[in-house]
Amino acid sequence: MKKKCYIDFKTVNGNQYIYDSNTGCVIACDEIIKESIDLYEGNTIEDVEKILFKKYKNEKMVKRGLSFVEKYSRLFTGFYKTSEQVKREQQFIDRFDEQEVEICLFKLGYFGQIVLNLTENCNLRCKYCFFSESYDNTRNRTDKIMSEKTAIDALDYYFKEFKKVLMYNPGKKCVVTFYGGEPLLNFEIIKKCVEYTKENCPSEYIFSITSNGLLLQNEIAEYLVSNDFYISVSLDGNKNNHDRNRVLPNNKGSFDIIMNNLKSFKEKYPDYNRINIISVFDYKTNLLENNEFFKDEDLPRLSFVNAVLDKNTNYYKKFRKEDIEKFNAEYSEILKLFIGDMKNNSFSNEYADMFWNLNSALFFMRRMYKDYKVPILPYTGACVPGTKLSVRVDGTFDMCERVDYSMPIGNVYDGIDFKAIVNVMKKYNKKNVLKNVGIVLCIRHALFVILHYA
């Protein structure tokens, strides 16, 4: 018995394609090939031929299509999973242990980044903040900060464990990321962590920080540049788009302050290319205004455009039908701009490019990454918990800086809790089996972006 592992879809121009999750290939097809695949699943070639001959009256095209399906399935195990393949995958759903997780993290080299959440406080009150009353099961803002001892203990543990990675992946670099709240509110700890990393890191290292940009000036800016930080600054677009959500504690917009800091930064460090902008949108964002705004050459490059997170929140309930319809119309216009750039091989619309092309790029990177996929996560492109070590202000470990506090995976004192990781992964696998998730998440969107213009 075989199980289908493909998606068929059409572009707006009417061209038909199939995405095969076994091989990661996108294949142009027609109705004969599509029906050949569907029928070949449970019939002999002779039976399929009879059915298709009767329907299409074109023996040559039927034989050609069916021959392709047979060869592709046989040579590349495309389109289907055999019962043996399914069995091999399913044996890993809940039949792995802590040792196999350790192999994935250290021997295969997944363990790569530490994220120090230096404070739970922030000098903004963004209306869509993940760490606010807008989201369930997450902490709200507090005055808690990470102590120097906790930060150094976390780095010590990370460096110690990273040595295991280097045994099998000698060229890999440590990545030390500073996050919050607003991490620059704890700038003194950043400096201590940087100096400690320089003295104790077992490999080459990379520093990165995500900031709202309010404090990116003077001594702070100079320090980040002199230490080659990758700097991500949040800017949601022009003044109207940005100030609608990213407000100060007095509810005034933050756009003017951040823009002044970014412009000053660019003037002082015109050749510094490790600073970028990340931008968030919702149904009230004017996408066309943003597309014009981000053409400003005095701004750092735009590197990420993403929607406000829609999980565990009532944030989106406030939008009216008119808001959504207007957004969808602009969404289509942005897509047309992107398609035009693709056809002309010129990316003059940076916002449109990032809005669409980033999803395509992440999709392809995920597909390449799947060639190195671990069997203990057989159904999706999710990472192994522990790949990123996010450290709370009190030293507790989370699998990501953007998850709630219900699934800790250790702490700086006892190290990674591999049993907790195993439990999380087994629950995740079982849930995806029930949902029959066999293809990388968001693939429909990615394929639509890639082949829309075909």
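Coordinates for the structure precede this section.
Just so it is clear, the model here is predicted, and its values are computed rather than measured.

(A) How the structure looks around the packing of helix 6 (residues 148-168) against helix 7 (residues 187-200). Following both chains from N to C, one finds helix 6 and helix 7 inclined at 30°, their axes separated by 10 Å at the closest point. By the angle between their axes, helix 6 is roughly parallel relative to helix 7. Helix-helix and strand crossings are classified by hand; for helix 6 and helix 7 the assignment is right-handed. Here Glu148, Ala151, Ile152, Leu155, Asp156 and Phe159 of helix 6 lie close against helix 7, whose contacting residues are Ile189, Lys192, Cys193, Tyr196, Thr197 and Asn200. Among the residues forming the contact of helix 6 with helix 7, the class breakdown is 7 nonpolar, 2 polar and 3 charged.

(B) Region of interest: the sheet that holds strand 3 (residues 16-20). Ordered in space as 2-3-4, the 3 strands form an open sheet in which the pairing is antiparallel. A strand with exactly one partner marks an edge of an open sheet, and here the two such strands are strand 2 (6-10) and strand 4 (25-29). Going from strand to strand, the sheet's axes swing by 25° on average, the running direction of each strand aside. Note that strand 3 and strand 4 share 5 bridges and pair antiparallel. Residue pairing for strand 4: Ile18 is matched across the bridge by Ile27.

(C) View of the pairing of strand 6 (residues 113-117). Among the 5 residues in strand 6, 4 count as buried, and that is most of the element. Bridge analysis of strand 6 against strand 7 (residues 174-179) gives 5 bridges, and the strand direction is parallel. What sits directly across from Val115, in strand 7, is Thr177. A crossover connection joins strand 6 to the parallel strand 7 through helix 6; in handedness this β-α-β unit is right-handed. Both strand 6 and strand 12 (residues 388-391) contribute to a ladder of 4 bridges, which runs parallel. If you follow Ile114 over to strand 12, its bridge partner there is Leu389.

Analysis parameters
- Residues numbered from 1 in each chain as written.
- Predicted model: local features only at pLDDT ≥ 70, side-chain atom pairs only at ≥ 80, totals over all residues.
- Heavy atoms only, no water.
- Axes fitted to C-alpha atoms, helices over the stretch in contact; angles between N-to-C directions.
- Helix = DSSP H or I, 4+ residues; strand = E, 2+ residues; numbered from the N terminus.
- Parallel < 35°, antiparallel > 145°, perpendicular 65-115°, else oblique.
- Left-handed = near helix turned anticlockwise from the far one by under 90°.
- Contact = heavy atoms within 4.5 Å.
- Nonpolar A, V, L, I, M, F, W, Y, C, P; charged D, E, K, R; others polar.
- Pairing = 2+ DSSP bridges.
- Buried < 20%, exposed > 50% of the residue type's maximum accessible area, 1.4 Å probe, protein only.
- Right-handed = clockwise from strand over helix to strand, strands pointing away.

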